[in-house]
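# Survey of secondary and tertiary structure
Here is how the chains run, residue by residue.
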Amino acid sequence: MQPITVLPVEGLPLIRAGDNLEKMITDSIPLLDGDILVIASTVYSKAKGNTRDLSTIQPGAQAEHLAARNGEDPRFVQAVLDASEELILEEPFILSALTCGHIGVRAGVDHSNIEDGKVILLPSDPMGAAAEVQEQVQALTGRKIRVIITDTCGRSFRRGQTGHAIGWSGMTAIRDFRGDTDLFGHELAITEEAVIDEIAGFANFVMGESNNGVPVVVVRGCETWSGHDNLYFNRNEDLTRRALTSQAAN
Ligand code: GDP
Ligand code: MN
Ligand code: MN
Ligand code: MN
């Protein structure tokens, strides 16, 4: 197996609305065919102007109510409600399902790494975003790369946040081991590996969370795999979601 190299993309400035992120990246690092370009959703959204100014938000009654219960800014909560397709939990924090399928605390609305008074929204179509980055990079460099757009998320059952893939292009989300045999010849019946989350997790480690200024990471030499893109459970398969929503209804 070839070694896998993980390269931080250093020297990018603070990203602003209208910036050509693909050009900035390809000017900063020479890319090779097959590279996986991992981009923090924060900078993708900032480049697209997908941010909100809290001073322009008029919170409604539900936002006021939840903000009081959770000790948050009602304008921030309104931004979260606007970004949510469905609320899975309302307290002690809002857990939202987004239209893209991602489920995240506070709908992934983020006030880190942006000026005071502003929040960053997750890309509304992260799959489309990843495909667009892939195309733009190919147009700029001729290289056929793969793309993952990430956010840092908490997990159930464990402390600590990790990078999660919220959009991807050029590879499947899941590596499917079903039908393979293990070392003892047993057929694997249910093993599916969420490879893009594993890659997002390590890229997130290289990015850091605070003031590293490394929003983009290149993963080089990662083999290809076959599988499928059904990363998110269907609603009727998702036992955790079902348990949480039935608990909230009681
Ligand atoms: P998130 O995980 O998508 O919410 O992104 P984070 O806020 O955790 O930021 C990930 C990395 O990108 C950190 O190293 C930040 O310092 C860096 N970062 C965030 N915004 C910018 C930016 O506008 N320019 C640069 N150069 N780095 C940024
Ligand atoms: Mn952030
Ligand atoms: Mn974030
Ligand atoms: Mn992060």
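Computed from a predicted structure; not experimentally measured. (Residues numbered from 1 in each chain as written. Chains lettered and ligands numbered in written order. Predicted model: local features only at pLDDT ≥ 70, side-chain atom pairs only at ≥ 80, totals over all residues.)

## Focus on the overall build of the protein chain
Looking only at helices and strands, the protein chain has 7 helices and 13 strands in total. Since a compact globule built from 250 residues should have a radius of gyration of about 18 Å, the 19 Å found for the protein chain is in line with a globular shape. Along the first, second and third principal axes, the C-alpha atoms of the protein chain reach 55 × 50 × 30 Å. Looking at the protein chain as a whole, 34% of its 250 residues are labelled buried. (Helix = DSSP H or I, 4+ residues; strand = E, 2+ residues; numbered from the N terminus. Rg over C-alpha atoms; globule rule 2.2 N^0.38 Å. Buried ≥ 20, exposed ≤ 12 C-beta atoms within 10 Å, placed from the backbone.)

## Here we look at the packing of helix 1 (residues 21-28) against helix 5 (residues 126-141)
Taken N-terminus to C-terminus, the directions of helix 1 and helix 5 make an angle of 50°; their axes are 9 Å apart at the nearest point. Between helix 1 and helix 5, the interaxial angle falls into the category oblique. Helix 5 is crossed by helix 1, and the crossing has right-handed handedness. Two secondary-structure elements touch here, helix 1 through E22, K23 and T26 and helix 5 through V133, Q136, V137, L140 and T141. (Axes fitted to C-alpha atoms, helices over the stretch in contact; angles between N-to-C directions. Parallel < 35°, antiparallel > 145°, perpendicular 65-115°, else oblique. Left-handed = near helix turned anticlockwise from the far one by under 90°. Contact = placed C-beta atoms within 7 Å.)

## Thoughts on the environment of F177
Considering the arrangement of structural elements, one finds F177 in the loop between strand 10 (174-176) and strand 11 (192-193). For the pair F177 and T42, spaced 135 residues apart in sequence, the C-alpha separation works out to 33 Å. In contact with F177, other than residues within four places in its own chain, are L188, T191, E192 and E193.

## Remarks on the site of ligand 1
Around ligand 1, the structure places 21 residues, and the nearest of them are A40, T42, T152, N212 and P215. Put simply, the parts of the chain that give the shell around ligand 1 at least two residues each are helix 2 (41-48) and strand 8 (146-153). (Near = placed C-beta within 6 Å.)

## A short note on the sheet that holds strand 4 (residues 86-89)
One open sheet holds the 3 strands; their spatial order is 4-5-6, and the pairing between them is antiparallel. The sheet terminates laterally at strand 4 and strand 6 (103-105), the two strands that pair on one side only. Sheet twist, expressed as the average angle between the axes of neighbouring strands with direction ignored, equals 30°. Across 3 bridges, strand 5 (residues 95-97) lies against strand 6 in antiparallel orientation. Opposite L95, over in strand 6, you have V105 as the bridge partner. (Pairing = 2+ DSSP bridges.)

## Here we look at the environment of D125
With respect to the helices, strands and loops of the structure, D125 is situated in the loop between strand 7 (118-120) and helix 5. C-beta crowding within 10 Å serves as the criterion here: with 13 such atoms nearby, D125 is assigned to the partly exposed category.

## Notes on the nonpolar core
In this structure, L37, V38, I39, V147, I148, I196 and I199 are the most contacted members of the largest nonpolar core, which totals 53 residues. Considering every element that reaches this core, the biggest residue donor is helix 6 (residues 195-207), with 6 residues. If we skip the residues at most four places from it in the chain, I196 touches I148, A165, W168, M171 and A173. (Core = buried A, V, L, I, M, F, W, Y, C linked by C-beta atoms within 7 Å.)

## Side note on the UniProt feature "domain: Coenzyme F420:L-glutamate ligase-like" (unreviewed entry) in the protein chain
Look at the UniProt record and you will see "domain: Coenzyme F420:L-glutamate ligase-like" (unreviewed entry) annotated at residues 12-221. The span residues 12-221 shows a helical share of 31% and a strand share of 22%, and its end C-alpha atoms are spaced 23 Å apart. (UniProt positions renumbered as here; feature names shortened; annotations may be inferred.)

## Some words on the sheet that holds strand 13 (residues 227-228)
Strands sit in the order 11-10-13 across an open sheet of 3 strands; the sheet is antiparallel. On the outer flanks of this sheet lie strand 11 and strand 13, each paired with one strand and no other. Pairing of strand 10 with strand 11 involves 2 bridges; the strand directions are antiparallel. Bridge pairing in strand 11 links R175 to E193.

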